Amino acid sequence: MPSQQQNLFDTEPAEWEIDVREQRLVATIILGEGPRGDFDYLVPSEFCDPDRAECLLQPGRRVRVPFGRSNRRVVGYCVQLETKSVDPGRFKQVAEVVDASSLLSAPMLRLTRWMAEYYLSSWGQVLEAVVPAGVRKQAGTREVGLLQVPEDVLHEIARVKLPAKQRQALDFLASHGKPLTSAQLAEAVGCTTAPIRQLLKKGLVETKRVRVASRVVEEQPMPREAPLALNADQQRAFEAIDRALESGEAHGIVVHGVTGSGKTEVYLQAIDRVVGFGRQAIVLVPEISLTPQTERRFRSRFDSVAVLHSHLTEVERHEQWQRIVRGEVQVVVGARSAVFAPTPHLGLIVIDEEHESTFKQDSAPRYHARDVAWQRAVAEKIPLVLGSATPSLESWHRSDPNLNFDSEHSDWQRVAMPRRVMNRPLPDVALVDLRDPGQSRGSRGGISRVLHQAMAVALADRGQVILLLNRRGFSTHIQCPACGFVIACPNCEMPLTFHRQQQRALCHYCDYFQAPPADCPDCKSHAIRYGGLGTQKLEDEVRARFPKHVTARMDTDSMRARGSHEQVLDRFGSGEIDILLGTQMIAKGLDFPNVTLVGVVNADTALHLPDFRAGERTFQLVAQVAGRTGRGEKGGRVLVQTFSPEHAALQAAVRHDFPRFASQELAMRKQLLYPPFGAMIRLVVRGPSEEVTRSVAEDLADRLKQAGGDETALRVMGAAPASIAKLRNNYRFQIHLHSAKIGFLRNVVDLASTGFKPPRDIVWTVDVDPTDMM
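About the criteria used
Residues numbered from 1 in each chain as written. Predicted model: local features only at pLDDT ≥ 70, side-chain atom pairs only at ≥ 80, totals over all residues. Heavy atoms only, no water. Helix = DSSP H or I, 4+ residues; strand = E, 2+ residues; numbered from the N terminus. Contact = heavy atoms within 4.5 Å. Disulfide = S-S within 2.5 Å. Buried < 20%, exposed > 50% of the residue type's maximum accessible area, 1.4 Å probe, protein only. Pairing = 2+ DSSP bridges. Axes fitted to C-alpha atoms, helices over the stretch in contact; angles between N-to-C directions. Phe/Tyr/Trp six-rings, centres within 6.5 Å; stacked < 30°, edge-to-face > 60°. Lys NZ or Arg CZ within 6 Å of the ring centre and 35° of its normal.

Caption draft 1: Focus on the environment of L180. Looking at where L180 falls in the secondary structure, it is placed in the loop between α6 (164-176) and α7 (182-189). Expressed as a C-alpha distance, the spacing of L180 and Q148, which sit 32 residues apart in the sequence, is 7.1 Å. Ignoring sequence-local partners within four residues, the contact set of L180 consists of G145, L146, L147, F172, L173 and L185.

Following this line, the structure appears as structure tokens:
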């Protein structure tokens, strides 16, 4: 053997250095769970047989691969196939292809990769979130054997000598053109399965194992409704969308239409144009707006609609997914995750009530459907329409006509719809100052004197009333007046809410519950006080004040049964219910012309939270619930009870003046470099030990500061206790990062997290563009 020194100068490689590299097909695999990164595997030759129309393995399909030293089988996603020069001995092979067809198209793979990079998540985590569990499990399907005639037999079929029944079965299967089950073939030919078994034994027929749906889904037809005539505002909005459709480029259009201005009709007619081109549309609405009313409106205008929401079973979700993939669906209507609907020919995306915080996912990957929709619109070169009476300030700023010279905003425009249909006036909004002793609710509950009188007048005129209180339960806290002790959750240290129907004190954060105490656990006093107002207590108060009128409550506690939401709304729409009260689920998407009064029982619920969006959300909630009244000939009014009547958000809501509110709020945010004028990332560190968690959070904050380098470009706030300092037995500390550009912040987090290994029981999360500050 030549020495190492000699080998450096040899012109001929030594025998043991012979290049063993070959041109082989390599699959890049992303694991759904487990280590981050991509892993290369060889594709066995039998997966890409030259006789096949296409390779059995394609990007977007799942595979099983051997992983780690133990070669345990794990499931991953094939994201790329490439022929490379490799040493086959250094690579493992793909063991099995799980899916018969790709779950993700090439554009969707690119979208998921962007999401992983932007939101600092693993690609596998994003892929698992995009493909529903019911699809991954193939829910609602069963495996069957389908018979077909092999190609070589087809060429020689006339020469084969067979008994009559076997001949009849073979000829029928060959001429049918589609594979059949053994039972189907036997029935078609009129024989038993014995002749078919003989054909299989002779190799004249082969079996192909495939999965088929266990049931056939048929969409129930609905009476069709003709499009409505558009008024001038609606026509202008429709034409803006139509021009964007004709352009064949990505355009963002913010439709700022007051409640009752007819935005939905504009969407419907724009979607009709898209369907006329042979393409599909995706319409995203908040989960609480996905009412039977919304569903019926779309089904009455289009032949094939898929509705995706959280109440679907895994089987139902898989069935809808397959219908969408096959191109059988014209319109997909759904909540946040419907943005990933696998439409083969997407032509338009609409997000209604786009300001809603529920469009942001609260678990990893923490994506915002609005931003994902824009990325998809850019890739597909289609319009994205964002509609709202109270647009998010990010969308409002992005569509500012004064910024269209900026390349970041040049693809965006804003369309105003300032009038209601038929020129109906917006309802009068009045603030009820609860600091005024004359309006004091006293021990009688949550309804002030002026609200009580207004309800009596509305009901006497045979109108209907909606009351909003965004707090579930009966009493929001249980306290001892003798010593001040508050009954709190042992896991979260938050006050327990008393639910009278279940007779339990419940934590709304971790679902811990206990029986309400008969006396104070601390001082043993019997004078337990149930304080605060929830929807259950408000319901009791309304029934006591107006016993002759039918009252119904809508919140997550009362709407647990399937179909209960629809039943209550149907009864309210028919006039059977006079007073509807509930949480924010009654503030969105309801259109009942006979509602003449809306009461906001406590507008301060979210107004003073430690969140820079608190004012914006309060304005949005008041404006949205106010829009539920005044839609009929009787008109309507809104009464807003508050201890802060001078607050700018409430003053703007009274005047229905969103532009003025937005101008004031944006000026404040610009000063502080809050979004949309600056970028933000929130990190939360949680663990069972307060001291250890604090120490880890402080260490992470120091690493972030070091990674930022130039302190003027980066502002690090924290580590500090989160607003909810303890949750589910874990202490929580937060760090806020601020800078001008989100790319810089993502790089800072990437650098700081390299080599950062906290103790096993410490978990830390990253939220890019956060909307939840609690």
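Caption draft 2: View of the state of the cysteines. Applying the stated criterion across every chain, the model contains one disulfide. With a sulfur-sulfur separation of 1.9 Å, C48 is cross-linked through a disulfide to C55. Negative torsions about the S-S bond denote left-handed disulfides, and the value of about -60° found for C48 with C55 makes this one left-handed. According to the relative accessible area criterion, C55 is buried, its value standing at 13%. With no disulfide of its own, C520 lies closest to C483 among cysteine sulfurs, the gap being 3.7 Å. Residue C520 is classed as buried on the basis of its relative accessible area of 0%. For the unlinked cysteine C523, the closest cysteine sulfur is that of C480, found at 3.6 Å. The exposure class of C523 is partly exposed, given its relative accessible area of 35%.

Caption draft 3: Just the sheet that holds strand β10 (residues 305-308), in detail. Pairing in this open sheet of seven strands is parallel, and the strands run β10-β11-β9-β12-β13-β8-β14 from one edge to the other. In this open sheet, the two strands that pair with only one neighbour each are β10 and β14 (412-417). Between one strand axis and the next, the sheet turns through 15° on average, direction left out of account. The strands touched by helix α13 (residues 369-380) within the sheet are β8 (251-257), β9 (280-284), β12 (346-352), β13 (383-388) and β14, with β12 carrying the most contacts at an inclination of about 160°.

Caption draft 4: Quick look at the packing of aromatic side chains. Using the criterion set out here, one finds 15 aromatic pairs in the structure. With centroids separated by 4.7 Å and ring planes inclined at 50°, the aromatic side chains of F498 and Y530 adopt a geometry described as tilted. Here the residue F498 occupies a position in strand β18 (residues 497-499), and Y530 occupies one in strand β21 (residues 529-531), the gap between them amounting to 32 residues. For Y530, a relative accessible area of 29% gives the class partly exposed. Across the ring face of W396, the terminal group of R414 is positioned such that the distance to the ring centre comes to 3.6 Å.

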